[in-house]
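Structural characterization, general
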Amino acid sequence: MRRAAAIASVVLAATATPAAADTTAPWVVLGPDGAVVRVATTDAACPRIRYDDFDRPMQVRVGPWEAYPHTVCEAPLPAIVQRASFAGRAIPLPRPEPRRIVVLGDSGCRLKGGSVQACNDPAQWPFARIAAAAAAMAPDLVIHVGDYHYRETPCPQPGAGCEGSPYGYNWGAWRADFFDPAAPLLAAAPWVMVRGNHEDCERAGHGWFRYLDPRPRPPDCEGFTEPYRIAFGDFSLVVHDSAIARDQNPRDAEIERHRGQLAAARALATPESWLLTHRPLYGVYKFEPTTRRPILTNETLQAAAAALGPDPFRAVFSGHIHRFDAFSFAGGQPAQVVVGGGGTALDPSLDDPPPDLAILGARVSRLTSTTGYAFLFLERGGAGWAGALYDADGRARLRCRLDGKTMECDP
Ligand SMILES: [Fe+2]
C-alpha cells in the first residue's frame, strides 16, 4: 500500500463509525439437559431473546478467540415455553414427542490437498439444496450424524470450482461449510448434533465445542466425550462420540475406552431407542474385489461391542461412509443405517454382498445400499417409523420402514 493511501485508511478507521455487529440467526441444540438456543455475535454483550411475552438474557458460552471473532451466546430453552423469537425470527421449539425426523450427515465441502470438491457448484456440493429440501418436510427434529467441517486446505487452482472458499479451522470455514447452507434447516427444527471425526481435536474440534456440542463447554478440546440420552417418553436418542475410533488397526486403549462408553450408552436405552454414533458400528465399508471379504467400517467399535452381549437399541444411525446403507440382521442385533450423502464427495454403493454376510456373528438378513446425495425422513406411526430417502431436490428415491429392529428400504 502506498504511504498516502495507508494514512488515508488509518484516518478513515479512526473516524468511521464502528461496524454494525454481526450476529447470526439462532440455532437450537438438544442435549441431555434439554434444549439450548445459541447465537454468535461480534457485539460486546450477548443479546436478549424473547420467550412468550418476556425478554430474557443470553449467557456467554465462549468469547472471541484467534480465528473465531464471535462471542457464542446461549440460553436454555425450557419445555414450558410456547413461543420463542430472536430479532423477529421464530426460534424452533422442541416437541415433547417428535414424530417427523430428518437424518443427514457428512455435509461439508471436501478441500483437503488433492481431494477437491467444487464448493461453488450446487450440483457438485449440494448441502444447501439438501437443507432446503429437508426443511420443506417440516420436521420436528433434525439429526446430523457428524462431519460438518471439510474445508481444510486452500482451493488449489482456478477452474476447480471452489475459488474464494475459506478454509482451515476458523469461523469462515464453519460458516461456509455449515451455518450458511444449513440455515433453512436450522430455522425449521431443533437439532441433535453428533460429533464426527472431522470434529476431533486435531481438526475442527475447537469449533465443535464452540458451536455444536450441547453441553457446557470444556476449558479445552476433549478427545472423548461421554454418551448422553435425549428422552421423549418411551422414545429416546442416545448419542455416542466416535470421533476417535480407528476404522482399521484398532488400539487397545481405544477399544477399552469405547467398551466403557458403549456399555454406558446401552444403560441409557429405553424401550424405543436409537443409538447415534458417527462411525457405523455394524457396517461394512466395502467388499474385497476378489474374495468378497467384508472390510468393516470400524474395527475399534466392533471389538468394543463384541464383549457386551445383546444390544438393546432398535437401530444405530451413523454417517462416515458417504452413501446410504440399511442393514438388518437375523437375531437381536439393531438395524444399522448409514446416512452419509449430505454433500461431501460420495462413496460407491455396496454391491453384490456375499450370501453368508455376517457382522459380529449376526447374519445380515437384508441390505440396501445406494449412493447419491440424500437425506432420510422418517415419521412415527403405529408401531414403527416410515418414510423415504430423498434426493437433493426432495424427490423420494427409496421408501423405508423401520419396524422393531428391521429397516426395509425399497425403490
Ligand atoms: Fe467421518
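Residues numbered from 1 in each chain as written. Predicted model: local features only at pLDDT ≥ 70, side-chain atom pairs only at ≥ 80, totals over all residues. Heavy atoms only, no water.

**Structural notes on the overall build of the protein**
- The number of helices and strands found in the protein is six helices and 27 strands.
- Relative to a compact globule of 411 residues, whose C-alpha radius of gyration would be 22 Å, the protein shows 22 Å and is just as compact.
- In terms of its C-alpha atoms, the protein occupies a principal-axis envelope of roughly 75 × 55 × 45 Å.
- Residue burial in the protein is summarised as follows: out of 411 residues, 54% are buried.
- Counted over contacts in the protein with a minimum sequence separation of 6, partners at least 24 positions apart contribute 67%. (Helix = DSSP H or I, 4+ residues; strand = E, 2+ residues; numbered from the N terminus. Rg over C-alpha atoms; globule rule 2.2 N^0.38 Å. Buried < 20%, exposed > 50% of the residue type's maximum accessible area, 1.4 Å probe, protein only. Contact = heavy atoms within 4.5 Å.)

**As for the pattern of salt bridges**
- The final tally for this structure, using the stated rule, is 25 salt bridges.
- Note that Asp177 and Arg151 form a salt bridge whose closest N and O atoms lie 2.7 Å from each other. Here Arg151 lies in the loop between β12 (141-144) and α3 (171-188) and Asp177 lies in helix α3, a separation of 26 residues in the sequence. One exposure class covers both Asp177 and Arg151, and it is buried.
- Two residues, Arg259 and Glu256, come together in a salt bridge whose shortest N-O distance is 2.5 Å. With Arg259 and Glu256 both in helix α5 (residues 252-267) and three residues apart, this pair spans about one turn of that helix. (Salt bridge = Lys/Arg side-chain N within 4 Å of Asp/Glu carboxyl O.)

**Some points on the packing of aromatic side chains**
- By the definition in use, this model includes 23 aromatic pairs.
- With a centroid separation of 5.4 Å and an interplanar angle of 90°, the aromatic rings of Tyr148 and Phe178 are classed as edge-to-face. Pair noted here: Tyr148 is in the loop between β12 and α3 and Phe178 is in helix α3, with a separation of 30 residues, a long-range link. The pair Tyr148 / Phe178 is uniform in exposure class, with both members buried.
- Its end group placed over the ring of Trp125, Arg151 keeps NZ or CZ at 4.8 Å from the ring centre. (Phe/Tyr/Trp six-rings, centres within 6.5 Å; stacked < 30°, edge-to-face > 60°. Lys NZ or Arg CZ within 6 Å of the ring centre and 35° of its normal.)

**Side note on the domain arrangement of the protein**
- Examined at the domain level, the protein breaks down into domain 1 (20-90) and domain 2 (100-410).
- Distance from the C-alpha centre of domain 1 to the C-alpha centre of domain 2: 26 Å.
- Residue-level contacts link 20 residues of domain 1 with 27 residues of domain 2.
- Each partner contributes to the roughly 2,000 Å² buried at the junction of domain 1 and domain 2, and carbon and sulfur atoms together form 62% of this total.
- For the domain 1 face of the interface with domain 2, the top three residues by lost area are Leu30, Arg61 and Tyr68, together amounting to 34%. (Domains from an automatic or database assignment. Buried area = accessible area lost by both parts, 1.4 Å probe.)

**Re α5**
- The end-to-end C-alpha distance of α5 is 23 Å, a good match for the 22 Å that 16 residues give at a rise of 1.5 Å each.
- Inspection of α5 places Glu254, Ile255, His258, Gln261, Leu262, Ala265 and Arg266 among the buried residues, and these make up the whole buried set. The arc enclosing the buried residues of α5, seen along the axis, measures out at 135°, which places them on a common side. Exposed and oriented more than 90 degrees from the buried face of α5 are Asp252, Ala253 and Ala267.
- Considering only its buried residues, α5 is in contact with β15 (235-240), β16 (272-277) and α6 (299-306). (Expected span 1.5 Å × (residues − 1). Arc of directions from axis to C-beta.)

**Some remarks on the nonpolar core**
- Counting residues in each nonpolar core, the largest one holds 48 residues, and the members touching the most others are Trp274, Phe317, Phe324, Leu376 and Met407.
- Both domains that meet at this core, namely domain 1 (20-90) and domain 2 (100-410), each give it at least three residues.
- Core analysis: the second largest hydrophobic core is formed by 47 residues, Tyr148, Leu186, Met193 and Phe375 among them. (Core = buried A, V, L, I, M, F, W, Y, C linked by side-chain atoms within 4.5 Å.)

**Remarks on the state of the cysteines**
- Taken as a whole, this structure holds five disulfides when the rule is applied.
- The residue that forms a disulfide with Cys109 is Cys119, at a sulfur-sulfur distance of 2.1 Å. Across the S-S bond of Cys109 and Cys119 the torsion is about -90°, and the bridge reads as left-handed. Remark: Cys119 occurs in the loop between β11 (115-116) and α2 (127-135) and Cys109 occurs in the loop between β9 (100-104) and β10 (111-112); sequence separation between them is ten residues.
- Linked covalently through their sulfurs, Cys400 and Cys409 form a disulfide whose S-S length is 2.2 Å. Where Cys400 bonds to Cys409 through sulfur, the torsion about that S-S bond is close to 115°, and the disulfide is right-handed.
- Owing to a relative accessible area of 4%, Cys400 belongs among the buried residues under this scheme.
- Numbered by position along the chain, the disulfide-linked cysteines of the protein connect as 1-2, 3-4, 5-6, 7-8, 9-10. (Disulfide = S-S within 2.5 Å.)

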